[in-house]
Amino acid sequence: VLIGRAMGKLQSKSSFHTAKYRADGSVEEMGPARAVRRHSPVHTDGVTSVAVLKPDLCVSGGRDKSVAVCSWRSGAVLRRFVGHEREVTKVTSTLDSNRVFSASRDKTAMMWELQGTSEPSQHFPGHDLVVTGLAVSPDASLLCTGSRDNTVCKWDIETGECLGRAAISRNLVTHLCWVPGEHYVAQTSEDKTIRIWDSRELQVAHTFPAKQHVQTSCDVSQDARYCLSASSGSAGDGGEATLWDLRQTRNRVREYKGHFQTTTSCVFLPRGPALPPSIATSSCDSTVKVWDQDTGGRE
């Protein structure tokens, strides 16, 4: 399920061995690669973002301005939410929650109730440009949004009140990810940096050394020890994913090189009892790669 979040609208290449990574952390060995299961289209235009909602459900956002909740087993669309005026850029939720969050080019974020009406249950307006980052706190009480307007905002989910707004010159936000069990939020930017925000005061707690290319996406491991970021690239220059230590040293640990174009997404895969820690990356070179987190080797 989590690999789906990384794939976006890319078409994967064939592989020789597959494993099914479930949202609850279990892994099912599948043996030799089988045909990809295909379902009827969920959106009428490109899919821009996918996230896990429950072990058997995922939420997606599209250029058709809609948010959809689907069963990945049957392909059935269980709910569809329409309210954004322009394309949806990001969707997220907290696992096993009944709430879905979306961001859009209409400069807003919205919250939707899985068991509620088709109307948004909360609006989060306030950015001046497209909203490109979206992250929910572990206790589901706060929402952080980021935008190409160089700002990061913090919101009270229940009231919709903006609790803080921080601006940094040239900080064109590309992605946000809340650190599990912590007050910190990881953020990537077009200024080639990865920032760690302290959500309590909405201040930057740490900035990792700038990379050579735009940082397009990030993810944080479930044990909150590592951050993963993805780089733009072209013709084999750039396109790597980078593993960062979130503990005291806060050093760059390892790079994963092998994509020939921009790496658009990166995720930590659920840990299986018989498998080493692994990550997945997707790229504009039409491939999804799975890597051994500790050695950098491809699986």
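Computed from a predicted structure; not experimentally measured.

**Focus: the overall build of the chain**
Counting its regular elements, the chain contains one helix and 27 strands. The buried share of the chain, reckoned over its 299 residues, is 53%. Counted over contacts in the chain with a minimum sequence separation of 6, partners at least 24 positions apart contribute 42%. For the chain, the exposed surface amounts to about 13800 Å²; the carbon and sulfur share of it is 48%.

**Things to note about the pairing of strand 12 (residues 142-147)**
In terms of burial, strand 12 is largely enclosed, as six of its six residues are buried. Both faces of strand 12 are covered, namely the face carrying Leu142, Cys144 and Gly146 and the face carrying Leu143, Thr145 and Ser147. For strand 11 (residues 131-136) and strand 12, the ladder comprises five bridges, and the chain directions are antiparallel. Residue Val136 lies in a different strand from strand 12, and its bridge partner there is Leu143. Across five bridges, strand 12 lies against strand 13 (residues 151-156) in antiparallel orientation. Of the residues in strand 13, the one forming a bridge with Gly146 is Val152. In sequence, strand 12 turns back onto strand 13 through a hairpin of three residues, with Asn150 there showing a positive phi of about 75°.

**Structural notes on unusual backbone geometry**
We note that Ala140 has phi near 60°; this positive angle belongs to a residue other than glycine. Its place among the elements puts Ala140 in the loop between strand 11 and strand 12. Classification of Ala140 as partly exposed rests on a relative accessible area of 27%. The phi angle at Leu202 is positive, at roughly 50°, despite the residue not being glycine. On the secondary structure map, Leu202 appears in the loop between strand 17 (194-198) and strand 18 (203-207).

**Digging into the UniProt feature "repeat: WD" (unreviewed entry) in the chain**
Mapped onto this numbering, the UniProt entry gives "repeat: WD" (unreviewed entry) at residues 81-122, 124-165, 173-207 and 256-299. Across residues 173-207, the secondary structure splits into 0% helix and 63% strand, with the terminal C-alpha atoms separated by 14 Å.

**Notes on the environment of Gln293**
Note on placement: Gln293 falls in the segment after strand 27 (288-292). You can call Gln293 buried: its relative accessible area is 9%. Along the sequence, Gln293 and Leu269 sit 24 residues apart, while their C-alpha atoms lie 9.6 Å from each other. Those residues in contact with Gln293 that lie beyond four places of it in its chain are Tyr226, Leu243, Arg254, Tyr256, Phe268, Pro277, Ser278 and Ile279.

**Quick notes on the state of the cysteines**
One pass over the structure, following the stated rule, counts zero disulfides. Unpaired in this structure, Cys153 has its nearest cysteine sulfur neighbour in Cys162, at a distance of 4.5 Å. On the basis of relative accessible area, Cys153 is assigned to the buried category, the value being 0%. You can see Cys227 has no disulfide; the closest cysteine sulfur is in Cys218, sitting 5.3 Å from it.

**Some thoughts on the packing of aromatic side chains**
Working definition: an aromatic ring pair is given by the centre-to-centre distance plus the angle between the planes. Applying the stated criterion to the full structure yields four aromatic pairs. Taking 4.7 Å as the distance between ring centres and 35° as the angle between the ring planes, the aromatic pair formed by Phe208 and Trp244 counts as tilted. Of the two residues, Phe208 sits in the loop between strand 18 and strand 19 (215-220) while Trp244 sits in strand 23 (residues 241-245), which places them 36 residues apart along the sequence.

**Observations regarding the sheet that holds strand 17**
Strand order in the open sheet made by the four strands is 15-16-17-18, with antiparallel pairing throughout. Single-partner strands in this sheet number two, and they are strand 15 (173-178) and strand 18. Strand-to-strand twist of the sheet, defined as the mean angle between neighbouring strand axes without regard to direction, takes the value 30°.

Rules used throughout
- Residues numbered from 1 in each chain as written.
- Predicted model: local features only at pLDDT ≥ 70, side-chain atom pairs only at ≥ 80, totals over all residues.
- Heavy atoms only, no water.
- Helix = DSSP H or I, 4+ residues; strand = E, 2+ residues; numbered from the N terminus.
- Buried < 20%, exposed > 50% of the residue type's maximum accessible area, 1.4 Å probe, protein only.
- Contact = heavy atoms within 4.5 Å.
- Areas by Shrake-Rupley, 256 points an atom, 1.4 Å probe, with all protein chains shown as cover.
- Pairing = 2+ DSSP bridges.
- UniProt positions renumbered as here; feature names shortened; annotations may be inferred.
- Disulfide = S-S within 2.5 Å.
- Phe/Tyr/Trp six-rings, centres within 6.5 Å; stacked < 30°, edge-to-face > 60°.
- Axes fitted to C-alpha atoms, helices over the stretch in contact; angles between N-to-C directions.

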